[in-house]
There are 2 protein chains.
Amino acid sequence: MVYLDNASSSFPVHKSICDEMDRINRLLPAAAGYDYHYARLTMQLIEDARQKAAQFMHINNVNRVIFTASATDAANRILGGMDWHSGDVVFVSPYEHNCVLRPLNRLKDMYGIRICELPLHDNLELNLDRLKALFSENKPRLVCCTYVSSVTGYILPIKDIINEAKNAGSRVLVDASLSVGLIDIETDDVDFLVFSGHKSIGGPVGAGCMILGRGVLPDAYISGDTMSDSSDLCMPKALPARYEPGCLNVSAVAGLGRAIDYIFQEGIKKLYTKNKALTDLLVKELSSIERVRVYIPENREKHLSIVSFNIEGLTCDECAYLLDRHYDIAVKSGLHGAALTHKYLSDEDFNGTVRAGIGLFTTQKDIEELVCAVRNIAASL
Amino acid sequence: MVYLDNASSSFPVHKSICDEMDRINRLLPAAAGYDYHYARLTMQLIEDARQKAAQFMHINNVNRVIFTASATDAANRILGGMDWHSGDVVFVSPYEHNCVLRPLNRLKDMYGIRICELPLHDNLELNLDRLKALFSENKPRLVCCTYVSSVTGYILPIKDIINEAKNAGSRVLVDASLSVGLIDIETDDVDFLVFSGHKSIGGPVGAGCMILGRGVLPDAYISGDTMSDSSDLCMPKALPARYEPGCLNVSAVAGLGRAIDYIFQEGIKKLYTKNKALTDLLVKELSSIERVRVYIPENREKHLSIVSFNIEGLTCDECAYLLDRHYDIAVKSGLHGAALTHKYLSDEDFNGTVRAGIGLFTTQKDIEELVCAVRNIAASL
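Residues numbered from 1 in each chain as written. Chains lettered and ligands numbered in written order. Predicted model: local features only at pLDDT ≥ 70, side-chain atom pairs only at ≥ 80, totals over all residues. Heavy atoms only, no water.

Caption draft 1: Seen up close, the overall build of chain A. Each helix and strand in chain A was counted, giving 10 helices and 13 strands. Computed over the C-alpha atoms, the radius of gyration of chain A is 21 Å, within 12% of the 21 Å expected from 2.2 N^0.38 for a compact globule of 381 residues. Dimensions of chain A along its principal axes, counting C-alpha atoms only, are 70 × 55 × 35 Å. Scored against the burial criterion, the 381 residues of chain A give a buried share of 64%. Within chain A, contacts between residues separated by at least 24 positions form 70% of all contacts whose residues are at least 6 apart in sequence. A total accessible area of about 13,700 Å² is found for chain A, and carbon and sulfur atoms account for 49% of it. (Helix = DSSP H or I, 4+ residues; strand = E, 2+ residues; numbered from the N terminus. Rg over C-alpha atoms; globule rule 2.2 N^0.38 Å. Buried < 20%, exposed > 50% of the residue type's maximum accessible area, 1.4 Å probe, protein only. Contact = heavy atoms within 4.5 Å. Areas by Shrake-Rupley, 256 points an atom, 1.4 Å probe, with all protein chains shown as cover.)

Following this line, the structure appears as structure tokens:
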């Protein structure tokens, strides 16, 4: 199989991660705590992973790193835990994923918040001038912004958005699921950042991260038992306990820690450079094929890891089917969880896009095989 | 190590479960879907586990089995997804866990619901006569009831409670985390049932289950992307998609499926009988030791799997510390996530109880070692 669905889930999971998870599953009870030797070992594994994640995300206060089951879990908890009032304005980029859009839509129904969309230029890049105007017209309480688009691979101008949001007195939620491990981020100015453990960072499914900035903390949207203060009917105020009820998935959390080790070991710049070279190669080759449309931002410096395309004459599902059936190539077809993006792509006739997601272990040969297959399919139509 | 903290997390996890999880982590991408061979395999693994869970729980409609990250996750989603109004009455047994109590307490603050406690007899059993009277005085909207107490191992009279709740027009939420795999349950009459994958059922941490009965479904408290209908800002109405946003932890879900295989293979009655014999042995032996207090229901038929005790002259933490330090025995000390229970135990001077939780792989030798250690400690005081 040529696996190019790394934007859904990174694969393969590095041997060091699988080994560590397997070791833990076989040798350690899952309940962390103080009561006995193995509970302390389990707790230590979780705290080691927290230290690594804090170092990785440049956070001084390690307890502001919260482990969750997924990025979806983390985003729901932040959005659901905020103190909403009718008329509160939330801005979203058109690149947001359903893990942000759907919880917001529920809050709209429940509290009457207003969801406003940030505009793009024709070249698929964010229109920062309009953004400023919109922020002054409708003072936002929250701005939600993914770092790398799950559809076009566009690297959003996070720093500019954060600055403008701060100027407007707004808080910011960044979804870094597809940038973490490829692009370094200073999380100092971010109020909330979430990422999945099994996308660009290359860890296992079952662990995600929620980074809480310096500002006011959300209410505990999910609550349950904690190692301390069990007699209190409220979650403890202390971090990270406040947001980590129940039993953490220690093997997945430790696996995420190992994924961070791997990124440190390889170096984030090297991983970016490798990914960028493969991304650019794929764009260049696909763009040269007749009948193929590629959906990427105009400025090639703002593009990474994900290449969406279509072949004229095929829906995206048909194209993915042919790639799977005849070439054993795994890509994803559809809206990629981000429906708002597609109105800028004019891809209705294709029912969305075919998406190739480049991962940590994607090779030039993988890219060449995809290109060859697309060329064959396009030529056969 | 003598491991007797199975009520926190079952250990060891059976080899067949670890093997399957390891296989999946190494060989299969985690994203389930229709697009390519391996995504379909992943989807099939999840649906196989769902079939097994449905069969195991006697449910005709397999899609009413929802996989969650944990029982805590499941309980929060049910409670948070209900349509609450000020003054709504929720009854809880004094055996409820913080995974139910803490979310309810939040709902109390948010919506002004009233939380009422079901009363116990002096023998630590539920007072069903008073329950009937209370239900007629304060018509409940929901009754929350754990099946087996995490503190005393008391098997609550679930069927009676469900009948009385139905008569009062109330819905019922059962937490079966400590009964599933030991006691069969007909889920037909239960509106909501949750269980953890890593407690009495013996599966891995990282997967839980939420069973939805025939009644009205809760709102999707956690939302995100789904394999279908990505363009809709609401979660799809169809089950199970409505409650399974994002990427499921396929290895944990398949591991839970394997745990169910193991229960089927061994037979639930055999597992009950074995557990009951060890529980009774432990009670008998501990009760014979001077200075030892055991906290169990009077009727021995209503007791399973969990034995709470204290040694006069030691706090529960001191006792657990000595068992760990000098005897390498893993037990838990404290409130065991269920603070309400303890006012019936008069265990304030001990700061809670020492809890031995008997698991699938506990042996008579484990019990004997614990008894011997407790006898030594008690004699040394």
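Still to come is the rest of the account.
Caption draft 2: Representation of the relation of the copies chain B and chain A. In screw terms, the move from chain B to chain A is a rotation of 180° and a rise of 0.0 Å along the axis, fitting with an RMSD of 0.0 Å. Here the two chains are linked by the operation of a two-fold rotation axis. Interface overlap between copies is the fraction of interface residues in one copy that are interface residues in the other; for chain B against chain A it reaches 99%, indicating a shared surface. (Least-squares fit on C-alpha atoms with pLDDT ≥ 70 in both.)

Caption draft 3: Structural view of the pairing of strand S8 (residues 208-212) of chain A. Residues and elements named next belong to chain A. With 5 of its 5 residues buried, S8 lies for the most part within the structure. Of the two faces of S8, the one carrying Gly208, Met210 and Leu212 and the one carrying Cys209 and Ile211 are both buried. Pairing of strand S2 (residues 65-68) with S8 involves 4 bridges; the strand directions are antiparallel. In the sheet register, Val65 faces S8, and the bridge partner there is Ile211. One ladder, built from 5 bridges, connects strand S7 (residues 192-196) with S8; its direction is antiparallel. Paired with Ser196 across the bridge in S8 is Gly208. (Pairing = 2+ DSSP bridges.)

Caption draft 4: How the structure looks around the sheet that holds strand S10 (residues 306-311) of chain A. Residue and element names in this part refer to chain A. Taken in spatial order, the 4 strands of this open sheet run S9-S10-S13-S12, and their pairing is antiparallel. The open sheet is flanked by strand S9 (292-295) and strand S12 (332-334), the only strands paired with a single partner. Between one strand axis and the next, the sheet turns by 30° as a mean value, whatever way the strands run. By the bridge criterion, 4 bridges tie S9 to S10 in an arrangement that is antiparallel. Bridging across to S10, Val292 finds its partner in Ile311. Sheet contacts for helix H8 (residues 268-287): S9, S10 and strand S13 (353-357); angle to S10, the most-contacted strand, approximately 15°. (Axes fitted to C-alpha atoms, helices over the stretch in contact; angles between N-to-C directions.)

Caption draft 5: Expanded view of the environment of Ile17(A). For Ile17(A), the location among the structural elements is in helix H1 (residues 15-27). Between the C-alpha atom of Ile17(A) and that of Asn299(A), which follows or precedes it by 282 residues, the distance is 35 Å.

Caption draft 6: Geometry of the interface of chain B and chain A. The interface is formed by 74 residues belonging to chain B together with 73 residues belonging to chain A. Note on chain B versus chain A: buried area summed over both sides is about 5,600 Å², and carbon and sulfur give 54% of it. Among the residues of chain B in contact with chain A, Asp35(B), Arg102(B) and Leu233(B) are the three that bury the most area, contributing 13% of the side total. Linking chain B to chain A there are 6 salt bridges. Here Arg106(A) makes a salt bridge to Asp219(B), at a shortest N to O gap of 2.7 Å. On inspection of chain B and its partner chain A, the count reaches 33 residue pairs in polar contact (both at pLDDT 80 or more). Those elements giving two or more residues to the side of chain B that touches chain A turn out to be helix H1 (15-27), helix H2 (37-56), helix H3 (71-81), helix H4 (98-111), helix H9 (316-327) and strand S12 (332-334) of chain B. Element by element, the count of residues in the side of chain B that touches chain A is highest for H4(B), at 9 residues. (Buried area = accessible area lost by both parts, 1.4 Å probe. Salt bridge = Lys/Arg side-chain N within 4 Å of Asp/Glu carboxyl O. Polar contact = N/O pair within 3.5 Å; in protein donor to acceptor, adjacent residues only side chain to side chain.)

Caption draft 7: Structural detail: the domain arrangement of chain A. Residue and element names in this part refer to chain A. Under the domain assignment, chain A is made up of domain 1 (2-10 + 267-380) and domain 2 (15-266). Taken together, the contact pairs 37 residues of domain 1 with 39 residues of domain 2. In this assembly, domain 1 packs against domain 2 so that about 3,100 Å² is buried in total across both faces, 60% of it on carbon and sulfur atoms. Note that Lys343 is salt-bridged to Glu117, the shortest N-O span being 2.7 Å. For the pair domain 1 and domain 2, the number of links is 18 residue pairs in polar contact (both at pLDDT 80 or more). At the level of elements, H8, S10 and S13 are the ones that each hand at least two residues to the side of domain 1 that touches domain 2. At 5 residues, H8 tops the list of elements feeding residues into the side of domain 1 that touches domain 2. Broken down by class, the residue content of the side of domain 1 that touches domain 2 amounts to 16 nonpolar, 15 polar and 6 charged. (Domains from an automatic or database assignment. Nonpolar A, V, L, I, M, F, W, Y, C, P; charged D, E, K, R; others polar.)

Caption draft 8: The nonpolar core, seen in detail. Met57(A), Phe67(A), Leu193(A) and Phe195(A) are the most contacted members of the largest nonpolar core, which totals 72 residues. A per-element tally of this core places helix H7 (residues 250-266) of chain A first, with 8 residues. No fewer than three residues from each of domain 1 (2-10 + 267-380) and domain 2 (15-266) of chain A sit in this core. If sequence neighbours within four positions are ignored, Met57(A) has contacts with Val180(A), Ile185(A), Thr187(A), Leu193(A), Phe195(A) and Ile211(A). Counting residues in hydrophobic clusters, the runner-up holds 71 residues, among them Cys209(B), Ala254(B), Ile260(B) and Ala338(B). (Core = buried A, V, L, I, M, F, W, Y, C linked by side-chain atoms within 4.5 Å.)

Caption draft 9: The arrangement of the pattern of salt bridges in detail. If you walk through the whole model with that rule in mind, you get 50 salt bridges over all chains. Residue Asp19(B) is joined to Arg26(A) by a salt bridge in which the shortest nitrogen-to-oxygen separation is 2.9 Å. Pair noted here: Asp19(B) is in helix H1 and Arg26(A) is in helix H1, and the two residues belong to different chains. Given the relative accessible area of 28%, Arg26(A) is considered partly exposed. Put simply, Glu312(B) and Arg293(B) hold a salt bridge, and the shortest N to O gap is 3.4 Å. Of this pair, Glu312(B) sits in the loop between strand S10 (306-311) and H9 while Arg293(B) sits in strand S9 (residues 292-295), and the two are 19 residues apart along the sequence. Judged by its relative accessible area of 34%, Glu312(B) is partly exposed. Bridged by salt links that share partners, the residues Glu20(A), Arg23(A), Lys52(A), Arg258(A) and Asp261(A) form one connected network.

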